[in-house]
Amino acid sequence: MKKIFYSLFIILCFVLVTKELHSEQHIYDEAQRQITCLAKNIYYESATESDEGKKAVAQITVNRVNSGKFSDTICGVVEQRKTTNGNLSCQFSWFCKNQKPIEFNSNEWKTSLTIAKKLLTSSVFHTKLYKENALYYHADYVNPKWYKLAKEKQIGRHIFYKSDRDRIEKGI
């Protein structure tokens, strides 16, 4: 009887430890997925921008996660899309388009990945855009319908805006 009890105890311990390790692995895998989503967004939105421009794009992405107005995960924010009258639109245009594959050995990718990792351990990378809770930006060569928001800052080719939900919902 003691041998059976001991064997069951060993099996139970093994199951619990295995389950805990599986849970830790899942958490690690999910963290890596979120880092990769942020790095891809930095890469596709601002690969040729300055480090400040890359950090600003990353900060906007994280601000959206923290705002309660968008998904509560980085991948959810980056991959957010909707279809209206048969037209697909994405929060970040690169996600709706077939992009060229990432050159994982490129300096642009390495920088994007480094910035993503650093931001996720500090949560504030671009102090001004963080303090103003800036949630929106666009390239200076496009004119989205919401561009009349309160302009916060221009960094490189991107113009960043404060959050102003009422004006966006009214389309002004």
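Calculation notes
Residues numbered from 1 in each chain as written. Predicted model: local features only at pLDDT ≥ 70, side-chain atom pairs only at ≥ 80, totals over all residues. Heavy atoms only, no water. Helix = DSSP H or I, 4+ residues; strand = E, 2+ residues; numbered from the N terminus. Expected span 1.5 Å × (residues − 1). Buried < 20%, exposed > 50% of the residue type's maximum accessible area, 1.4 Å probe, protein only. Pairing = 2+ DSSP bridges. Axes fitted to C-alpha atoms, helices over the stretch in contact; angles between N-to-C directions. Salt bridge = Lys/Arg side-chain N within 4 Å of Asp/Glu carboxyl O. Contact = heavy atoms within 4.5 Å.

**Let's talk about helix H2 (residues 51-67)**
In this model, H2 (17 residues) spans 24 Å end to end at C-alpha, consistent with the 24 Å of a helix rising 1.5 Å per residue. Among the 17 residues that make up H2, 12 are buried, leaving the element largely enclosed by the rest of the structure. For H2, every residue scored as buried is listed here: Gly53, Lys54, Ala56, Val57, Ala58, Gln59, Ile60, Thr61, Val62, Asn63, Arg64 and Val65. Following H2 by one or two positions, glycine 68 adopts a phi angle in the positive range, close to 80°.

**Structural notes on the sheet that holds strand S3 (residues 136-139)**
Sheet architecture is open: 3 strands sit in the order S3-S5-S4, paired in antiparallel fashion. Edge positions in the sheet fall to S3 and strand S4 (151-155), since each of these pairs with one other strand and no more. The mean angle between the axes of side-by-side strands here comes to 20°, regardless of whether they run parallel or antiparallel.

**What about the pattern of salt bridges?**
This model, assessed by the stated rule, comprises 3 salt bridges. Two residues, glutamate 30 and arginine 33, come together in a salt bridge whose shortest N-O distance is 3.3 Å. Of the two residues, glutamate 30 and arginine 33 both sit in helix H1 (residues 2-46), 3 residues apart, roughly one turn of that helix. According to the relative accessible area criterion, glutamate 30 is partly exposed, its value standing at 29%.

**Some words on the pairing of S3**
Side chains Tyr136 and His138 of S3 all project onto a buried face; the interleaved residues Tyr137 and Ala139 project onto the opposite face, where all are buried too. Bridge analysis of S3 against strand S5 (residues 158-161) gives 4 bridges, and the strand direction is antiparallel. Note on S5: the bridge partner recorded for alanine 139 is histidine 158.

**Some thoughts on the side chain of glutamate 49**
Relative to the assigned elements, glutamate 49 resides in the loop between H1 and H2. When residues no more than four places from it in sequence are discounted, the contact partners of glutamate 49 are Lys54, Ile155, Gly156, Arg157 and His158.

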